[in-house]
Amino acid sequence: METTPPPSPVTLELWTSFAGEKPQEEFFDVFRETVSKQYPHVSLKVTHYTGTDFLPKLTAAMGAGSPPDLFVSYGGGQLKALVDEGQTEDMTAFLSEGWAAALIPESAKSSHTFRGKTYALPYELNTCWLLANKNVFKAAGVEVPTKTWNWDEFMGVTQAFKSKGKYALTISGNAPRHMVYHLDYLMERIAGQDRFLKTLNREAGHSFADQPFVDAFKKFAELVAAGAFFPGASAYKYGDIMKSLGMGEAAMLCIYTWVVAPIMKDFPDAELDILPYPTVPGGAGGPDIAAYTLGMAMAKASKNKGDAYNVLRIFAWRETMLEYAKKTGNPIALNLGAMPAGTLNPVSQKAEDLARASTKFVYRKATLMPPELGSKYEEVVSKVFFNTMTPEEATAALEAKAEELKDLGILPM
Amino acid sequence: MTAVYKGIKRSSSKFITYAILLVATVIVVYPFLWTFLMSLRTNPEIFANPWGLPTDPVWENYVVAWTQGNLGVATVNSAIITMGSLVILAAVSPITAYALSKPIFGRRLLFYALLAGMFMAPQVFIIPLYVLLNQLGLIDTHLGLVLVYVAGCLPYCVIIIRAAFLGLPQALEDSARVDGLSTFQTFRRIMLPLAMPSVYTALIIEGIWIWNDFFYPLILTRSREMFTLPLGIAIFRGGYMIQYGPLSAGTFISMIPVVLLYLVFADLIRRGVAGGVAVKGSTRS
Amino acid sequence: MLVPAVLLYSLFRLYPILQGTYLSLFRWSGVSPQKEFIGYANYLELSNDPQFYLAFENTIIIAVVCVIAQLFLGFALAWLSLKSRSLGRLFQSAALVPYLTSMVIVGTVWTWIFDPTMGILNNLLDVMNLGSLKQVWLGNPSTALFSILIAMNWQGFGLYVIFFMVGLQSIPRYLYDSAKVDGLSDLRTIVHVIMPMLKEVIVVGFILIITASFKTFELVYIMTGGGPAYTTEVLAFYLYRSAFDMLKAGYGAAIGNVLLVVALLIAFFYVKAVRAKE
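Residues numbered from 1 in each chain as written. Chains lettered and ligands numbered in written order. Predicted model: local features only at pLDDT ≥ 70, side-chain atom pairs only at ≥ 80, totals over all residues.

## Let's talk about the pairing of strand E8 (residues 252-256) of chain A
Residue and element names in this part refer to chain A.
- The buried fraction of E8 is high, at five of five residues.
- Side chains Met252, Cys254 and Tyr256 of E8 all project onto a buried face; the interleaved residues Leu253 and Ile255 project onto the opposite face, where all are buried too.
- Alignment of strand E7 (residues 169-170) against E8, held across two bridges, turns out to be parallel. Paired with Leu169 across the bridge in E8 is Met252. (Buried ≥ 20, exposed ≤ 12 C-beta atoms within 10 Å, placed from the backbone. Helix = DSSP H or I, 4+ residues; strand = E, 2+ residues; numbered from the N terminus. Pairing = 2+ DSSP bridges.)

Here's what the structure looks like:
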């Protein structure tokens, strides 16, 4: 693979948002070795930042013109903002190479694709569920639902918990980023994905202030008013909600699968299970699962693209991905065929099986939308939760911001 | 009658004083005590029983904090950056303060510029600063951070030291002038030694601040090898689940140098504050 | 003599600030050099932005409360420490330790203390039979800012205990004695005789505390992330969120400029106050 004379030594920088996560850190240590073995002239320098610091650091580095060669991509509006500024490398050709065609499903690429071009190699599949602590169900004498359920049944369960002095849900009151998952589901359950996309892309006759969206926020407000949420959860930041569910402060948490392995590690006695988000009777959307893929993107300003692409090829190897799944407990988005039994814990495995059986997914909206609209979305959901804004005001604010972005040409996406 | 009343009043007021001080001490000390206890427990242990004492002290947390947080390197970085900044500040700020205490051209403007710079939160100019440092190739370097800190701490040091200079009698300078000393010699041999306590105060306060600062290193470093101590321990609260054990251990590790220095230099600090702040008292005439 | 300092300061502090001012006239994401000149549009948007006013208000509240609390606590506890020699000494050494602690640690530790289930505050209230006073401290818009203020003042007041102790000790004994002879009660002695002598300490403390208050960032970042429902946001944090979360760096720069104007105003008043003293 190497041509003579031997290539000069190259250092590639890879940035992730997994600081403090031992499994991920260990994985990348091993991956670095793998890369050096395959390409002795390449030394991979991996820097991990915390989730909150990752985007600011990336932004600052790009703004100054010296970004890392490779970085983790969350897709959607966040990635698109970087694409629009010409900071991300177009990987469409790379991802159509022989090895990639069968390996990478189209659906996995979708959140990293804009106007027909893909800008990241998708690898991790994250699905959103009502993660349940079965111990709490048992303690309250409530049966764990085994099939899809609708909103009325869901509210019924909420009341059942209340009557036993327990709480149905916990949430991150001080981290709006993770509160919006409820609305991600509710908006599509009631208005349908088609309508959401049309409204987002400012098609005529569509507004966020339309009744279906107001209804979505209303349902959320109803949930709050019904006392479904653990009171202490109002103060919780991201790290606290896992502790909250693990400790059994509430029965369920609406969250993505990346929390499963950490909770299992710190709360070995908690029996976890995933429950689908309820459907809404009369709504335009079906019982789809919310999902998004995490990808690896490349900076356009990278000076070592050839080597970076080689690293990505190794990253997508079956062995590498299996190792990743085993270490982190997170499902992989690529078509790896059957994984050896026990690679993933039972809950993550169940999530992956259910995801593979689906073809249509609900969007993770805060990252799908342009950053400014995503921020507004988080803001209004948070305010509805704390009762400082009505559902009508919330949707009106969202619509106003969307119109503003339309005038600036940021929408349609 | 009044004597007894006064006696009761005195002893009850003594009691109240004592009580208040005791409560205050507890309030000040307790959070650290609790953090120390937390540092010897594991996450599952803490969640199962938030209030218990460490059942089986997990001293490994300290090792984990040190290794996973790369605290050895972080401490060295913090030390180099703090000492470097203080050395430059010690060299530069007294003379700037002295110059600004004399009626010179542009003094008012410069003083305002210094004050305004002091009030600015780093978030305000961090992006232009990043771009600038990047152009100079100073991102992810010790020197880059040192220069940023010197520029940031200069105003405060100048203000404190200048106040000290202003408190010194004009007579000293006049007699120095009569003796034929140049301005610089006057400064070095007579004025500066008298204002030294204020220099200590300023340097100590700014030194503490630089050691504990989080935001500048957060944005202006790129690699783990360059992280300072606050960044090093921050990774334990950044992941999916807060690792209370190593985080508490890391907290203690990062506080040890500062507390040690404080204990060693407590007297110096007090003298510095005496000279730098209560200037009026020290030049009783 | 001034040259090196002036150069360094201008380059690394003034230049970025001025560049920030310049950039506030653009729509700029901060991600790439691409930007679009829009003149005063950012400022217009700011003037209509309720979140900006909220952040401003919070910053002012913090400044006022911190000045009053830290100076008062510093003075009161210094006074008491001098009255009770032994415990006073102990307290004085302990009081500075929070000041030596990084804001990130202070924020983390106090978040634990305020935790609704695991935190000591609520548990203590239970033990003292005051369970009805329990709150979700950092999750309730009416108590969140207050909680942050407690952490902030816990960290800051220690320095002023030392300042005031030194200040009080440098006041000549005869002043106390003559006041007693004149029959002045303790309180009036304090107000009329001692305070004027401590004017220096108060002025320096005032400036230090105001400076720190306007720069509040880490505590909000760690304890509430600006919440609940963005009610604890302060100017520095809103700036950060605009630039780095919403990718509106130009808008963030406009906020920065407002901070600059406020800074200049405070500088102006400080100089006036100091001149009046000289």
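Now that the structure has been shown, we can carry on.
## Overview of helix H10 (residues 199-214) of chain C
- The end-to-end C-alpha separation of H10(C) is 23 Å, in line with the 22 Å expected for 16 residues at 1.5 Å each.
- Looking only at H10(C), the buried set comprises Glu200(C), Val201(C), Val204(C), Gly205(C), Ile207(C), Leu208(C), Ile209(C), Ile210(C), Thr211(C), Ser213(C) and Phe214(C). (Expected span 1.5 Å × (residues − 1).)

## Here's the deal with the nonpolar core
- Counting residues in hydrophobic clusters, the biggest one holds 306 residues, and the most contacted among them are Leu131(A), Leu169(A), Met252(A), Met120(B), Leu154(B), Ile161(B) and Phe164(C).
- Each residue touching Leu169(A), except ones within four places of it in the same chain, is listed here: Ala228(A), Phe229(A), Phe230(A), Ala250(A), Met252(A) and Leu253(A). (Core = buried A, V, L, I, M, F, W, Y, C linked by C-beta atoms within 7 Å. Contact = placed C-beta atoms within 7 Å.)

## Thoughts on unusual backbone geometry
- A cis amide bond links Leu411(A) to the next residue, Pro412(A), at an omega of 0°.
- Looking at the secondary structure, you find Pro412(A) in the segment after helix H18 (391-407).
- For the peptide bond that leads from Gly227(C) to Pro228(C), omega is -5°, which places it in the cis range.
- One can find Pro228(C) in the loop between helix H11 (218-223) and helix H12 (235-245).
- Positive phi, close to 50°, is recorded for Arg115(A), a residue that is not glycine.
- Along the polypeptide, Arg115(A) turns up in the loop between strand E4 (113-114) and strand E5 (117-118).
- One non-glycine residue, Asn129(C), adopts positive backbone phi at about 65°.
- Residue placement: Asn129(C) occurs in the loop between helix H6 (120-127) and helix H7 (144-169).

## Examining helix H4 (residues 85-95) of chain C
All names here are of chain C.
- Among all positions of H4, only Gly88, Phe91, Gln92 and Ala95 are buried. Looking straight down H4, one finds its buried side chains confined to an arc of 100°; they lie on one side. Seen from the buried face of H4, the exposed residues on the opposite side, beyond 90 degrees, are Ser86 and Arg89. (Arc of directions from axis to C-beta.)

## Some thoughts on the interface of chain C and chain B
- Counting from both sides, the interface comprises 70 residues of chain C and, opposite them, 67 residues of chain B.
- Sorting elements by how many residues they give to the side of chain C that touches chain B places helix H1 (residues 3-23) of chain C first, with 13 residues.
- In terms of residue class, the side of chain C that touches chain B is made up of 50 nonpolar, 15 polar and five charged. (Nonpolar A, V, L, I, M, F, W, Y, C, P; charged D, E, K, R; others polar.)

## A few points about the interface of chain C and chain A
- Counting residues at the interface gives 24 residues for chain C and 27 residues for chain A.
- Split into classes, the residues belonging to the side of chain C that touches chain A amount to 12 nonpolar, 10 polar and two charged.

## Some points on the confidence of the model for chain C
- Per-residue pLDDT for chain C has a mean of 84; in total, 92% of the residues score no lower than 70.
- Taken over the whole predicted complex, pTM reads 0.88, whereas the ipTM for its chain interfaces reads 0.85. (pLDDT = per-residue confidence, 0-100.)

## Looking at the domain arrangement of chain A
Residue and element names in this part refer to chain A.
- Each domain of chain A was delimited in the assignment, giving domain 1 (10-126 + 292-355) and domain 2 (127-290 + 364-407).
- On a C-alpha basis, the centres of domain 1 and domain 2 stand 27 Å from each other.
- Counting residues at the interface gives 22 residues for domain 1, matched by 19 residues for domain 2.
- For the side of domain 1 that touches domain 2, the elements supplying multiple residues, two or more each, are helix H3 (76-84), strand E6 (120-133) and helix H15 (346-356).
- Its residues placed into classes, the side of domain 1 that touches domain 2 shows nine nonpolar, 11 polar and two charged. (Domains from an automatic or database assignment.)

## A look at the environment of Val262(C)
- Looking at the element boundaries, Val262(C) is found in helix H13 (residues 249-277).
- With 19 C-beta atoms counted inside 10 Å, the residue Val262(C) sits in the partly exposed group.

## As for the packing of helix H10 (residues 211-225) of chain A against H18(A)
Residues and elements named next belong to chain A.
- Closest axis-to-axis distance for the H10/H18 pair is 8 Å, and the angle between their directions is 135°. Between H10 and H18, the interaxial angle falls into the category oblique. As H10 runs across H18, the sense of the crossing is right-handed. Contacts between H10 and H18 involve Phe213, Val214, Phe217, Lys218 and Ala221 from the former and Pro391, Glu392, Ala394 and Thr395 from the latter. (Axes fitted to C-alpha atoms, helices over the stretch in contact; angles between N-to-C directions. Parallel < 35°, antiparallel > 145°, perpendicular 65-115°, else oblique. Left-handed = near helix turned anticlockwise from the far one by under 90°.)

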